Amino acid sequence: MQLRSDAKKDYPSLLDITAAGHILSNETVEDGIREVEEELGIKVPFHQLNSIGVIGYTIISDKLIDREFAHTFVYRSFPSLDEFNPQLEEVAGIVRTEFRAFADLWRGREDEIKVEGVKFDDQGNSSSYIRTVGKESFVPHPSAYFEAIIKGIDELLERE
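As a starting point, this report considers the structure included with it. Bear in mind that the values here come from a model prediction, so they are computed numbers and not experimental data. (Residues numbered from 1 in each chain as written. Predicted model: local features only at pLDDT ≥ 70, side-chain atom pairs only at ≥ 80, totals over all residues. Heavy atoms only, no water.)

## Overview of the sheet that holds strand S6 (residues 113-120)
- With antiparallel pairing, the five strands of this open sheet are ordered in space as S2-S1-S5-S6-S7. Two strands lie at the open edges of the sheet, namely strand S2 (15-16) and strand S7 (126-133), each paired on one side alone.
- The sheet contact formed by strand S1 (residues 2-4) and strand S5 (residues 91-96) spans three bridges and is antiparallel. Each residue of the ladder has a partner; that of Arg4, found in S5, is Val91. (Pairing = 2+ DSSP bridges. Helix = DSSP H or I, 4+ residues; strand = E, 2+ residues; numbered from the N terminus.)

## Things to note about the pairing of S5
- Across the six residues of S5, five count as buried, placing the element largely inside the fold.
- Relative to S6, S5 runs antiparallel, the two sharing four bridges. Residue Arg96 lies in a different strand from S6, and its bridge partner there is Glu116. (Buried < 20%, exposed > 50% of the residue type's maximum accessible area, 1.4 Å probe, protein only.)

This is how it looks when you write it as structure tokens:
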């Protein structure tokens, strides 16, 4: 997951899926892979992504109404945290947790989970980042969004 930059207009300093962005009307879903390289500084070949579907959701807050269709993919890779070179205006850190712990958090079996990773300063230097977080530490996607991601990853794991 990514720790969003403090400078982000929407949802600063919250955890979110690792990379996300918007495509233009003349672009394909495949064109959207550029967001991974832009935000995280790693190259991900589109053919190595596993689709877990298109998840529609809406976030309504005092500042905006955000309605999206998220083409959602899983990248089965285990890069070392020092391989990431994030766009610091967007991403302040990269963290990991056990998938089952993440699933238990969103399914209400746990109130908090441990995330570990790195946080970057304004110059891109990294330091260890270990926190115990709850649902309030994440971008406020509807629970159904997280449940759909968890279901998709579960199904992907069952096929392997």
